[in-house]
Protein chains: 2
Amino acid sequence: MERRFRAHFINSLSGFKSGSLLATANANGETNLAMISSVFHLGADPALIGLIIRPHSVPRHSLENILETGVYTLNHVAEEFFKQAHQTSANYLREESEFTQVGLTPEYYDDLLVPFVKESSVKYALKLVEQQKLKINDTIMVIGEVTKVITDPSALNSDGYLDIASLNSIAISGLDCYLRAEKLARLSYAKPDQQLKELG
Amino acid sequence: MERRFRAHFINSLSGFKSGSLLATANANGETNLAMISSVFHLGADPALIGLIIRPHSVPRHSLENILETGVYTLNHVAEEFFKQAHQTSANYLREESEFTQVGLTPEYYDDLLVPFVKESSVKYALKLVEQQKLKINDTIMVIGEVTKVITDPSALNSDGYLDIASLNSIAISGLDCYLRAEKLARLSYAKPDQQLKELG
């Protein structure tokens, strides 16, 4: 397969992905914002989130910042600003902040060095706990522990489920397809010989 | 936070996930089928896909099989059978095949030991290339290389993008929420000082 064709095709195979803006800063507080679709859940207690960064991709500035400061935020991309989020993947110079370039707003809480994205309705801060290079293809896996969550309490169900679809978080497929998600059903905990129920 | 509340909440944070059925077999060809939402893209060339298995979760039988045979398949869950897919997460006995228990159909190609899920429209076979325990929380990361893809050619765009939404693949949020995805737009490759275009 031709290189670009192959990239589109293989990236489609793993299925729908989350779309997040990774916000970082260097020690001087100069910010960086990068669109990523490689965020994955690793565990709830402790609350661990992984992400994959390719060594020569645009988010390498983000990786340098994470290693320098040990903190970063992830901010769900919503339908209202997915085009601006996508534009952060353009190859801007090191000293240009993508916040300014694409028109999104940095928002600071407490004394955290790194900003959140004001426009995002589901966002959380992480501290770096592990990074490792996967020898098989030189990608970098970054693991962080969630230290703070900022979201809209009206989307939080009584059992802890956060209804991110109601907050217009988008899904991504392949390299560049953005999708709206519509709930089919929540299903009860499965047990042998017991009929599933729809929750809520 | 209470344990179950925390599990729902933290699982919601990483955003939308893919829903796949992991099909495996032991050396005797006895099959196992497990719902997973931890599949992630690792690279296109070679075509590498990762997945995370918790040590005490139901898919541990799947992990034993993968280590025994070195091969497995991933099969997108579609809207037409997401309840059956969810039911595979019930704690069946080792010797009970979830295919039989939930009413999905194993389908064999060539001389591959492991089946695909006949009902799935996007499915691929992998060979195990790496597994490692993440020390931080004892989860297992399994990395496989794609060796065969079976899908509907009508969903393949000319640039390699596979339109999985048109094949009714579902997205997952949290532990138990299933969602339909609807395309907003595909966006052109982003460059500084250039307006994004919608593709197709």
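Everything that follows concerns the structure shown earlier in this document.
### Examining the interface of chain A and chain B
Taken residue by residue, the interface counts 86 residues in chain A and 86 residues in chain B. Summed over both sides, the interface of chain A with chain B buries roughly 7500 Å², with 65% coming from carbon and sulfur. Of all residues in chain A, Leu13, Phe16 and Leu184 of chain A bury the most surface against chain B, accounting for 10% of the area lost on that side. Along the contact surface separating chain A from chain B lie 8 salt bridges.

### Observations regarding the relation of the copies chain A and chain B
With an RMSD of 0.0 Å, the operation that places chain A on chain B is a rotation of 180 degrees combined with a shift of 0.0 Å along the axis. On the angle and the small slide along the axis, the relation comes out as a two-fold axis. Among all residues of chain A, the one whose C-alpha sits closest to the rotation axis is Ala181 of chain A, at a distance of 2.3 Å. Looking at the interface residues of chain A, 100% of them are also at the interface in chain B, so both copies use one shared face.

### As for the side chain of Asp163 of chain A
Residues and elements named next belong to chain A. Structurally, Asp163 is set in the loop between strand 10 (139-151) and strand 11 (171-173). No salt bridge is formed by the buried Asp163. Its closest oppositely charged neighbour is Lys183, at 5.0 Å. Other than its neighbours up to four places away in sequence, Asp163 contacts Ala155 and Asn157.

### A word on the sheet that holds strand 4 (residues 40-44) of chain A
All names here are of chain A. The 7 strands lie next to each other as 3-2-6-9-10-5-4, forming an open sheet whose pairing is antiparallel. Every interior strand has two partners, whereas the edge strands, strand 3 (31-36) and strand 4, have only one. The average angle at which neighbouring strand axes cross in this sheet is 30 degrees, direction not considered. As paired elements, strand 4 and strand 5 (residues 47-53) share 4 bridges and run antiparallel to each other. Bridged to Gly43 within strand 5 is Leu48.

Quick notes on the rules
Residues numbered from 1 in each chain as written. Chains lettered and ligands numbered in written order. Predicted model: local features only at pLDDT ≥ 70, side-chain atom pairs only at ≥ 80, totals over all residues. Heavy atoms only, no water. Contact = heavy atoms within 4.5 Å. Buried area = accessible area lost by both parts, 1.4 Å probe. Salt bridge = Lys/Arg side-chain N within 4 Å of Asp/Glu carboxyl O. Least-squares fit on C-alpha atoms with pLDDT ≥ 70 in both. Helix = DSSP H or I, 4+ residues; strand = E, 2+ residues; numbered from the N terminus. Buried < 20%, exposed > 50% of the residue type's maximum accessible area, 1.4 Å probe, protein only. Lys, Arg positive; Asp, Glu negative; His and termini not counted. Pairing = 2+ DSSP bridges. Axes fitted to C-alpha atoms, helices over the stretch in contact; angles between N-to-C directions.

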